[in-house]
Amino acid sequence: MPKKSKAPSSDTNASDNNSSIVWSHVMDDVLIDAYHHEHISGNRAGGTFTTYAMNNILKELQENFHKGENS
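Residues numbered from 1 in each chain as written. Predicted model: local features only at pLDDT ≥ 70, side-chain atom pairs only at ≥ 80, totals over all residues. Heavy atoms only, no water.

Per an unreviewed UniProt entry, the protein goes by Myb/SANT-like domain-containing protein and derives from Anisodus tanguticus.

### Regarding the packing of aromatic side chains
Definition in use: Any two of the Phe, Tyr and Trp rings considered here, Trp counted by its six-membered ring, make a pair once their centres fall within 6.5 Å; the pair's planes then place it as stacked at under 30 degrees, edge-to-face at over 60, or tilted in between. A run of H or I in DSSP becomes a helix once it reaches four residues, and a run of E becomes a strand once it reaches two; helices and strands are each numbered from the N terminus. Only protein chains enter the accessibility calculation, which uses a 1.4 Å probe; a residue is then buried when its area is under 20% of its type maximum, exposed when over 50%, and partly exposed in between. Here, a charge over a ring means that NZ of Lys or CZ of Arg falls within 6 Å of the ring centre while also lying within 35 degrees of the ring normal.
Scanning the entire structure with this criterion turns up one aromatic pair. Ring geometry for Tyr 35 and Phe 49: centres 5.0 Å apart, planes at 65 degrees, overall edge-to-face. In this pair, Tyr 35 is assigned in helix α1 (residues 25–40) and Phe 49 in strand β2 (residues 48–49), connecting sequence segments 14 residues apart. Residue Tyr 35 is classed as partly exposed on the basis of its relative accessible area of 28%. When the ring centre of Phe 49 is taken as origin, the NZ or CZ atom of Arg 44, which lies over that ring, is 4.7 Å away.

### With respect to the packing of α1 against helix α2 (residues 51–65)
Packed helix pairs are specified by the crossing angle of their axes together with the interaxial distance, meaning the distance between the axes. So the rule is basically this: Whenever a helix is involved, its axis is fitted only over the stretch in contact; in every case the axis is a line through C-alpha atoms, and angles between N-to-C directions fall within 0 to 180 degrees. Orientation categories follow fixed angle ranges, with anything under 35 degrees roughly parallel, anything over 145 roughly antiparallel, 65 to 115 roughly perpendicular, and all other angles oblique. Crossings are assigned a handedness: left-handed for a near helix turned anticlockwise from the far helix by less than a right angle, right-handed for a clockwise turn. Only heavy atoms matter for contacts: two residues are in contact if any of them lie within 4.5 Å across the pair. Residues are grouped as follows: Ala, Val, Leu, Ile, Met, Phe, Trp, Tyr, Cys and Pro are nonpolar; Asp, Glu, Lys and Arg are charged; every other residue, Gly included, is polar.
Remark: α1 packs on α2, axes separated minimally by 9 Å, with the N-to-C direction vectors making an angle of 150 degrees. Considered as vectors, α1 and α2 are oriented roughly antiparallel to each other. Crossing handedness for the pair α1 and α2: right-handed. Listed contacts from α2 to Val 26, Met 27, Val 30, Leu 31, Ala 34, Tyr 35 and Glu 38 of α1 are Ala 53, Met 54, Asn 56, Ile 57, Glu 60, Leu 61, Asn 64 and Phe 65. Split by residue class, the contact of α1 with α2 holds eleven nonpolar, two polar and two charged.

Structure representation (structure tokens):
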């Protein structure tokens, strides 16, 4: 079977960005709390988190960890 070629990425210069994220225990706690909150809120269907729940989780992570460009 021939090897599949890698699809072109829209972020071809990611290595030029010079930024990285170091995951921490605080980040773990916030992520787990966000998932737990969505679970107890009933935002799961068939054992899977809904799109609404995932959007809420993303929003919570951004609120806690997103640093603005001028920060």
